[in-house]
Amino acid sequence: MKKIISIFLAVIMLFSASGAGTAYAAQRKYVEDVLAEIQTKSGFVPNRTSIVTGNCYAFVSAVCERLYGVKYQEGLNSNGYTCRHETGLFYAVSTYKSTSSNTADCVEGIINFFVNNAYPGDIVHYASLSGSTHTFMIQSIDREKMSIYHSNYQTRNVPSTACHIDNIYWNSFRKNPTSTIYNRDGSIYSHNSLFYNKQKRGGLGISINRYVNYEKMYFPSFPPPTLSATNSATKAITLSWNKIEGASHYSVQYKEASDSKYTALTSNCTSQSYVVSGLTVGKSYDFRVCAYVAGKWREYSNVVRKQALPPTINVVRFIPESTGLKVKWAKRSDVDGLKLYKASSANGTYKLIKTFDKSANHYIDTAVKYNTNYYYKLVRYKGSYESGAKVFTGKYVLKTPVITYTRKDSKTILFTFNGDGCQDSFDYSVTSGSNKLSTATVNTTENTLLLENLDIGESYTVSVREKTKFAAGEYGKLTVIAAPKAVTGVKASLKRRGVRLNYNPESEALGYFIYRNDGSGYKQIAKLEGKSTKTYFDNSIKYNTPCTYAVRAYAKSDSGKDVPGDSSAPSASVNMVLTAPSGIKAVRTTPTKITVSWNAANYAGKYDLQYRAKGGKWITVSGIKGKSRVIKKLTLGTKYYFRVRSVNGFGNSAYSSTVKRKLLPPTPEKPTVKITNNGLKVVYKPKKYADSYMIYRANPNKGKFKYIATVNGHKAKSYRDMTAPSSNCRYKIVCCVSKKGVNYMSARSAAGRVNNE
């Protein structure tokens, strides 16, 4: 036992360094380790025969004996899910009850019940409110899933005599609260139907039960919160602490530093922070917090002593302006004012620059040099009491302008200067790559520059800097080549033979470059001549490879060189993937022929049809251009399977779903019935393949059809019924084909009667 205690003291030290969540997980992990060791012993190995069969309760009791040194011998109350703790060795942590018979109504209630109350090693009883119960032990639990260890519960791949570990993933449980989800090998992924199997019988009850010495064995002490405090207002202090895993709420207490007794501020705080207001400026207070975990108030946190003072300034902005560096802060109504200090180094001597009242929120420092660091402290005060002071670094630096451009046409470019809004003006100059153009520096208050009559293919560099009366900033530069405008309206659409690309022609273009990106970057795939060209067809794509396209218009320089403009915006992605045909049907046309038909699939050029007899191999009919095919020379009485896939020059789809059809005579057409002097004449259309026809008759408006006669021979095309009880009797026809002593019959035709009404 000493060894165990030393292990957990090490865990507690880990907690103090890394926070409650980490320590709690480490402590829970030890319970899982003990269970893992037990589960290597005969009778406790998951998916093998358990030490107790036929009694889930007794199996969990045997596990408790290994885990705690005592058996679980409590009795169940008459309601089936709560426990009579007769031995005094276990107690009920919490219970849950729902009268709904649908788990979907209380999914979140069940999840929160376990996440907020359960630990590994807890014993759970759950039952329908009518009494049927099951018992399991919690193997592990967190906010992702709960693992349970149980026996005498049969699942799809585990017999009732075996013990096993099942998982319930909370997100899966939320989506499918009544259906267990299985892996491909048939094993359970998430045992979502565990509670539903009981609840559907009229409601659900669950109880969590724990060994009384659980904490002594597995939690030597619950780590206390780590508390911190900040001045959030002149008369308010905000307390904050780390989350204690398993805590349902917290108690916050305080006192004046000179007092001996604490006062409770709240005993039901459910967050990890609390604002204490109404304090006296200048007074010091002591604060502490404790957590309520597993039915008990735990150890108090560290005591934090904090004086009620104006809050420290945490955010200061530095803004260059014409006359100097603006230092800006947020105003507060609960202070008297602010004092501003300045130094030339972080650890230097800070001199008071100025004292402000509470209405002020900035100061312009004119005693600064360009791009030089200065250090400031800002202290709020209320009467004689001052806030803390952080060091803020500021310097006077103008932003390097961001230059953008817009092509008006291939020889005209509009440049725009984007500064930080603090400049009084801009300095700019322009040079060309061939030095045919070079301007002196120009100062302007405008933020745009229009260059006209440029040479196509020539590069032009614009240099710009911000300027104030106080200083000038660094130059930003942008080089642009005079070229056609970017092409617009690029659209890619899939067709059976590839991708059709459309775009809007550019009036000054002499042609276009086409680019494709199939995952390895944009590469040129074509050059089109002629400014009115607006379509390109790409038949070199790869199957199931997403592609995007871009287009660049080009013009000619004075030397005759192609000069491409900016790239267009990329097209939407297209991907040549064929879908399997839908709506596949197989219709008997003769006793040995079937017509297979299907719906057209997008981008399909042809279709491949496969068929096979039951137990046989697939036979392929390739390159079908239409949406149907007649399959001949099939064997009467044999069941066949049919499927179809789409095909084009780039690839093929998966096969469609399979339809099956047994080869029998096709269903005859509806007969006609005529009144004659010698009874009712039933007329039908004869088929060459027919050996006989069976005639069925029914009463005029209701009643079953009954066999009345057989007409032999394929040429016979009528039957005279001289015993019909009414002229309104209904008739159906069955076509029969005999082969090798076996009579194969079609389905019955539709019912015919006089006038075929």
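Here is a short report on the structure shown in this document. (Residues numbered from 1 in each chain as written. Predicted model: local features only at pLDDT ≥ 70, side-chain atom pairs only at ≥ 80, totals over all residues. Heavy atoms only, no water.)

1. Description of the overall build of the chain
Our working definition: Segments assigned H or I by DSSP are reported as helices when at least four residues long, segments assigned E as strands when at least two residues long, and all are numbered from the N terminus. Computation of the radius of gyration draws on C-alpha atoms alone. For the globule rule, the value is 2.2 Å times the number of residues to the power 0.38. Partly exposed residues are those whose accessible area sits between 20% and 50% of the maximum for their type, while under 20% is buried and over 50% is exposed, using a 1.4 Å probe and protein chains only. The contact criterion used is simple: two residues touch if any of their non-hydrogen atoms lie within 4.5 Å. For accessible areas, the Shrake-Rupley method is used with a probe of radius 1.4 Å. Any residue's cover is judged against the shown protein chains and nothing else.
The helix and strand tally for the chain stands at seven helices and 55 strands. In terms of C-alpha radius of gyration, the chain reaches 43 Å, well past the compact-globule figure of 27 Å for 757 residues. When the backbone C-alpha atoms are referred to their principal axes, the chain occupies close to 130 × 100 × 50 Å. Residue burial in the chain is summarised as follows: out of 757 residues, 44% are buried. A separation threshold of at least 6 residues defines the contact pool for the chain, and within that pool the share at least 24 residues apart is 61%. About 37,500 Å² of surface is accessible on the chain, with carbon and sulfur atoms providing 46% of the total.

2. As for the environment of Val391
Summarising the element assignment, Val391 is placed in strand E27 (residues 391-394). For the pair formed by Val391 and Tyr341, sequence separation is 50 residues and the distance between their alpha carbons is 9.6 Å. The contact partners of Val391, leaving out residues within four places of it in the chain, are Tyr350, Tyr375, Tyr376 and Lys377.

3. As for the pattern of salt bridges
The line we're drawing: Note on definitions: salt bridges are taken to be side-chain nitrogens of Lys or Arg within 4 Å of carboxyl oxygens of Asp or Glu.
Across all of its chains, the model carries 21 salt bridges by this definition. A salt bridge links Arg210 to Asp122, with the nearest nitrogen and oxygen atoms 2.9 Å apart. Within this pair, whereas Arg210 is found in strand E11 (residues 204-211), its partner Asp122 is found in the loop between helix H4 (107-117) and strand E5 (123-128), the two being separated by 88 residues in sequence. In terms of burial, Arg210 and Asp122 fall into one category: buried. With its nearest N and O atoms 3.2 Å apart, the salt bridge here joins Glu256 to Lys283. One end of the pair, Glu256, is in strand E14 (residues 247-256); the other, Lys283, is in the loop between strand E16 (273-276) and strand E17 (284-293), with 27 residues separating them in the sequence. Accessibility expressed as a relative area gives 26% for Glu256, which makes it partly exposed. Among the residues examined, Lys283 registers a relative accessible area of 34% and is labelled partly exposed. The network of salt bridges with common partners includes Lys255, Asp286 and Arg305.

4. What about H4?
Inclusion rule: Within this analysis, the arc is defined by the directions that extend from the helix axis to the C-beta atoms.
If you check which residues of H4 are buried, you get Val107, Ile110, Ile111, Phe113 and Phe114. Looking down the long axis of H4, one finds its buried residues gathered within 160 degrees of arc, a one-sided arrangement. Buried residues along H4 sit in contact with strand E4 (90-98), E5, strand E6 (133-141), strand E7 (145-151), helix H5 (170-175) and E11.

5. Overview of the sheet that holds strand E36 (residues 498-502)
Put simply, the test is: A pair of strands is treated as paired once DSSP finds two or more bridges between them. Every axis corresponds to a line fitted to the C-alpha atoms, with the helix fit spanning only the stretch in contact, and the corresponding angles, defined between N-to-C directions, vary from 0 to 180 degrees.
The three strands lie next to each other as E35-E36-E39, forming an open sheet whose pairing is antiparallel. Of all strands in the sheet, those bounded by a partner on one side alone are strand E35 (491-495) and strand E39 (535-538). The average undirected angle you get between the axes of adjacent strands in this sheet is 20 degrees. Sheet topology note: the E36/E39 ladder contains four bridges and is antiparallel. By the bridge assignment for E39, Val499 is matched with Asp538.

6. Looking at the sheet that holds strand E13 (residues 236-241)
An order of E12-E13-E16 is seen for the three strands of this open sheet, with the pairing classed as antiparallel. Each edge of the open sheet carries a strand with a single partner, namely strand E12 (227-233) and E16. Here the strands of the sheet are splayed against their neighbours by 25 degrees on average, with no regard to which way each runs. With four bridges joining them, E13 and E16 adopt antiparallel strand pairing.

7. What about the environment of Asn167?
To keep it simple, the criterion reads: Any N or O atom pair separated by 3.5 Å or less is treated as a polar contact, with the protein-specific requirement of one donor-capable and one acceptor-capable atom, and with residues adjacent in sequence counted only for side-chain atom pairs.
Secondary-structure assignment places Asn167 in strand E8 (residues 162-169). Owing to a relative accessible area of 22%, Asn167 belongs among the partly exposed residues under this scheme. A distance of 2.5 Å separates the side chain of Asn167 from the side chain of Ser147, its partner in a polar contact.

8. Some words on helix H3 (residues 56-68)
Test applied: Take the number of residues in a helix, subtract one, and multiply by 1.5 Å to get its expected span.
For H3, which comprises 13 residues, the first-to-last C-alpha distance of 18 Å matches the rise-based estimate of 18 Å (1.5 Å per residue) to within 8%. The element H3 is largely enclosed, with a buried count of 10 among its 13 residues. For H3, the set of buried residues is Cys56, Tyr57, Phe59, Val60, Ser61, Ala62, Val63, Cys64, Leu67 and Tyr68. A distance of 3.0 Å separates the backbone nitrogen of Tyr57 from a side-chain oxygen at the start of H3, and that oxygen is part of Asn55.

9. Observations regarding the side chain of Thr234
Within the secondary structure, Thr234 is located in the loop between E12 and E13. Reaching out from Thr234, the side chain makes a polar contact with the backbone oxygen of Asp334 at a distance of 2.7 Å. Not counting the four nearest positions on each side in its chain, Thr234 is found in contact with Val281, Ala308, Leu309, Pro310, Pro311, Asp334, Val335 and Lys382.

10. Thoughts on unusual backbone geometry
A negative phi angle is the norm for most residues apart from glycine, just as the trans form is the norm for most peptide bonds. Positive phi, normally seen in glycine, also occurs at Asn152, with a value near 55 degrees. For Lys633, which is not a glycine, the phi torsion comes out positive at approximately 55 degrees. Mapping Lys633 onto the fold places it in the loop between strand E46 (628-631) and strand E47 (639-647). For Lys633, a relative accessible area of 79% corresponds to the exposed category.

11. Regarding the pairing of strand E20 (residues 317-321)
Regular strands show a simple pattern: their side chains alternate between the two faces of the sheet. Relative to strand E21 (residues 324-328), E20 runs antiparallel, the two being bridged by five bridges. Note that in E21 the partner of Pro320 across the bridge is Leu325. In this antiparallel pair of consecutive strands, E20 and E21, the connection spans two residues.

12. A few points about the packing of aromatic side chains
Let me state the cut-off plainly: Whether two aromatic rings pair depends on their centres lying within 6.5 Å, for rings of Phe, Tyr and Trp, where Trp uses its six-membered ring; planes under 30 degrees apart make the pair stacked, over 60 edge-to-face, and the rest tilted.
Scanning the model with the defined rule gives 36 aromatic pairs in all. When the ring of Phe90 is compared with that of Tyr211, the centres are 5.5 Å apart and the planes differ by 50 degrees; the resulting orientation is tilted. Taken together, the residues Phe90 in strand E4 and Tyr211 in strand E11 connect sequence positions 121 residues apart. Each member of the pair, Phe90 together with Tyr211, is buried. Geometrically, the ring pair formed by Phe356 and Tyr363 is edge-to-face, given 6.0 Å between the ring centres and 65 degrees between the ring planes. With a relative accessible area of 8%, Phe356 lands in the buried category. Among the aromatic residues, those joined into a cluster by ring pairs are Tyr96, Phe113, Phe114, Tyr126, Phe136, Trp170, Phe173 and Phe195.

Just geometry here; none of it tells us what the structure is for.
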